[in-house]
Amino acid sequence: MEILSPLWLSFKLSIIAVPLLLLTGVPAAYFLAFSKSRFKHIWEAVVSLPLVLPPSVIGFYLVLLFSPNGYIGSVLKSVLDVQLLFSFPILVIGAVIFNFPFMVNSIKAGFESIPAYLIEASYTLGKSKKETLLKIMIPNIKPAFLTGIVLCFAHTVGEFGVILMIGGNIPGSTRVASVAIYNEVEALNYNAAHFHSLILLSVSFIMLLILYTVNRKYKGF
Amino acid sequence: MFEIKLKKRLSGTGGDFDLNLNLSIVEDDFISLFGPSGSGKTTVLRCIAGLTDPDEGFIKFGNKVWFDSVKKINLTPQERNVGLVFQEYALFPHFTVRENLEYALDKGQDRKIIDELLYISDLKELSDSKPQRLSGGQKQRLALARAFVRKPSILLLDEPMCALDRSTRRKIQIEILKLYKRYNIPIIIVSHDMTDVFKLAQKTVMLENGKIMNSGTFSEMFNKESDRKSEFVGEIISVQKNNGIYIFTILVNENLIKLSVSDNEIENINTSQKS
């Protein structure tokens, strides 16, 4: 089943990247939604950068950072004797970076939609910020989480430019479905390209359909 | 015993003004903060609850200081044990009626109070319903009951009945009195409705533009003839002329009032009133 290997790699990448995005994205979204810091707008701009940067720019800087002579790459090389560039783990790092604004902005919008009085009611009932976040805020913004998760999952499966630059095209390691399609088209192997493309198209469509169906049923506050 | 002294700069529709309040509340006092909207009533409640910081002043409960601008003490809302009922009810939509009450329980607190409050507030039958299925009156009863779960040191009610019709309003007033007598907790109610003030509170504090204009019992404040004329704000619905007398039909607080006005009197009405 060698032909399925790129698809499996794509899904594996998404399945690992999405929980990492949730772990990093929720605190960032909470900060951006509720912080009264004067510098918040700067952080907002930084978080949203990957939305507007060409993938090649993100890829270029990641290559610079993680190459054996780069800031991070040289440390990893000397301390742990690992080289991340052109391996699966760098794809995970890349996926977290280029998906970060999708996750953060979705959840931030959810946090901002919660009426202040619900949060204040929880505080006056003696509940800490953490308890309020876990028991009141997160359960009430499930659609925002669903949006973030689906967008990041689909975007990871679909990303091409960054992945090609930092991961290369190594079968079984970094040749994800989007890169495999490019490869097959280059080789004029249209049948294999069709196979991967149709699966990606169907999966993406089904995921978005689920997202919109579920969110349509959800009533706001 | 509560001692409250607050100063805060507020901005209203008519420009900035200073909230300046000095209030002491003894155990089981029922005080109404009465006054036009935008006079700083809600801000007073928010300052007591710890949701808004005053610019200056102090809030003391017994020997415990909740806020002191000089000593830089400012307890969080969580540390104050205040019951606050919001205008918007602030019920948690993902919890059932029972879960909304249970959420308010302190760690290790006896759960008996949940059933007791469900019973007193007549919500037992609805304990498994979500708030969105409740009527306005039921939502308000739940919000009230939830504020009593922790047996707070003080209960703050922010316009608790402004969205309710008159008959529901009356029921909630009775409900508030019932809970007040049962748990003996001092209450401050913010309202701009005279019946709330008259029926509920023992003492009324009249706030205008952030300042206390008057305070005392209802009869002290409103029954002194020399003090104030009766004042109503209404809308003229129709004017009919009958045997030389004009009959004005005026809508005042959902009530129609018929007022007869003679030819001489009509001369004295100025145009803004005529509209």
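The structure presented is a predicted model; accordingly, all values stated were derived computationally and were not measured. (Residues numbered from 1 in each chain as written. Chains lettered and ligands numbered in written order. Predicted model: local features only at pLDDT ≥ 70, side-chain atom pairs only at ≥ 80, totals over all residues. Heavy atoms only, no water.)

Trainee: Before we go on, may I ask you to explain the overall build of chain B in this structure?
Mentor: Secondary structure assignment for chain B yields 10 helices and 14 strands. Here chain B holds 275 residues, and the buried ones make up 47% of them. Excluding contacts between residues fewer than 6 apart, the proportion of contacts in chain B whose partners are at least 24 apart in sequence is 60%. Total accessible area computed for chain B in this model is approximately 14,900 Å², and 47% of it derives from carbon and sulfur atoms. Treating the 39 positive side-chain charges of chain B as one cloud and the 37 negative ones as another, the clouds have centres 3 Å apart. (Helix = DSSP H or I, 4+ residues; strand = E, 2+ residues; numbered from the N terminus. Buried < 20%, exposed > 50% of the residue type's maximum accessible area, 1.4 Å probe, protein only. Contact = heavy atoms within 4.5 Å. Areas by Shrake-Rupley, 256 points an atom, 1.4 Å probe, with all protein chains shown as cover. Lys, Arg positive; Asp, Glu negative; His and termini not counted. Charge placed at Lys NZ, Arg CZ, Asp CG, Glu CD.)

Trainee: Could you clarify how one ought to interpret the packing of helix α1 (residues 5–34) of chain A against helix α5 (residues 88–113) of chain A in this entry?
Mentor: How two helices pack is summed up by the angle between their axes together with the distance between the axes. Residue and element names in this part refer to chain A. Where α1 meets α5, the closest approach of the two axes is 6 Å, and the angle between their N-to-C directions is 40 degrees. The angle between the axes of α1 and α5 places the two elements in the oblique class. For the element pair α1 and α5, the recorded crossing hand is right-handed. Split into classes, the residues belonging to the contact of α1 with α5 amount to 25 nonpolar, 3 polar and 3 charged. (Axes fitted to C-alpha atoms, helices over the stretch in contact; angles between N-to-C directions. Parallel < 35°, antiparallel > 145°, perpendicular 65-115°, else oblique. Left-handed = near helix turned anticlockwise from the far one by under 90°. Nonpolar A, V, L, I, M, F, W, Y, C, P; charged D, E, K, R; others polar.)

Trainee: Even after reading the chapter, I still don't get the interface of chain B and chain A, so can you show me in this structure?
Mentor: For an interface, size is often stated in terms of accessible area lost upon the parts coming together. Taken residue by residue, the interface counts 21 residues in chain B and 20 residues in chain A. Contact between chain B and chain A buries roughly 1,700 Å² in total, counting both sides, with carbon and sulfur atoms accounting for 64%. The salt bridge partner of R46(B) is E120(A), with a shortest N-O separation of 2.7 Å. Applying the counting rule to chain B against chain A returns 9 residue pairs in polar contact (both at pLDDT 80 or more). Looking at the side of chain B that touches chain A, the elements with two or more residues in it are α1 (41–49), α2 (77–80) and β7 (82–85) of chain B. (Buried area = accessible area lost by both parts, 1.4 Å probe. Salt bridge = Lys/Arg side-chain N within 4 Å of Asp/Glu carboxyl O. Polar contact = N/O pair within 3.5 Å; in protein donor to acceptor, adjacent residues only side chain to side chain.)

Trainee: Help me understand the packing of aromatic side chains, please; the structure alone is not making it clear to me.
Mentor: What describes a pair of aromatic rings is the distance from one ring centre to the other and the angle between the planes of the rings. Applying the stated criterion to the full structure yields 14 aromatic pairs over all chains. With a centroid separation of 6.1 Å and an interplanar angle of 25 degrees, the aromatic rings of F11(A) and F153(A) are classed as stacked. Of this pair, F11(A) sits in helix α1 while F153(A) is found in helix α8 (residues 142–158), placing the two residues 142 residues apart along the sequence. Accessibility expressed as a relative area gives 17% for F153(A), which makes it buried. On the basis of an interplanar angle of 45 degrees and a centroid distance of 5.6 Å, the ring pair of F95(B) and Y103(B) is categorised as tilted. The burial state of F95(B) is the same as that of Y103(B); both residues are buried. (Phe/Tyr/Trp six-rings, centres within 6.5 Å; stacked < 30°, edge-to-face > 60°.)

Trainee: How should I be thinking about the state of the cysteines in this particular structure?
Mentor: A covalent bond bridging the sulfur atoms of two cysteines is what the word disulfide describes. Inspection of the entire model under this criterion finds 0 disulfides over all chains. Here C47(B) stays free of any disulfide, with the sulfur of C162(B) as its closest cysteine sulfur at 20 Å. (Disulfide = S-S within 2.5 Å.)

Trainee: Please clarify how the nonpolar core should be interpreted in this entry.
Mentor: Side chains of a nonpolar character, in soluble globular proteins, are inclined to be buried together. Core analysis: the largest hydrophobic core is formed by 106 residues, its most contacted members being F111(A), I4(B), I154(B), L156(B) and I176(B). If one sorts the elements of this core by residue count, α1(A) sits on top with 8 residues. Contacts of I154(B), omitting those with residues within four sequence positions, involve F2(B), I25(B), I48(B), W66(B), N81(B), V82(B), G83(B), I185(B), P186(B) and I188(B). The next biggest cluster of nonpolar side chains, apart from the first, holds 20 residues, and it includes L9(A), F88(A), I90(A) and A95(A). (Core = buried A, V, L, I, M, F, W, Y, C linked by side-chain atoms within 4.5 Å.)

Trainee: Would you explain the confidence of the model for chain B in this entry?
Mentor: For residues with low pLDDT, the predicted coordinates do not support detailed interpretation. Residues and elements named next belong to chain B. Chain-level pLDDT for chain B is 87 on average; 94% of the residues reach the 70-or-more range. Across chain B, the element-wise mean pLDDT spans from 50 in helix α10 (residues 271–274) up to 97 in helix α3 (residues 97–103). For this predicted complex, the interface score ipTM comes out at 0.84, while the overall pTM is 0.84. (pLDDT = per-residue confidence, 0-100.)

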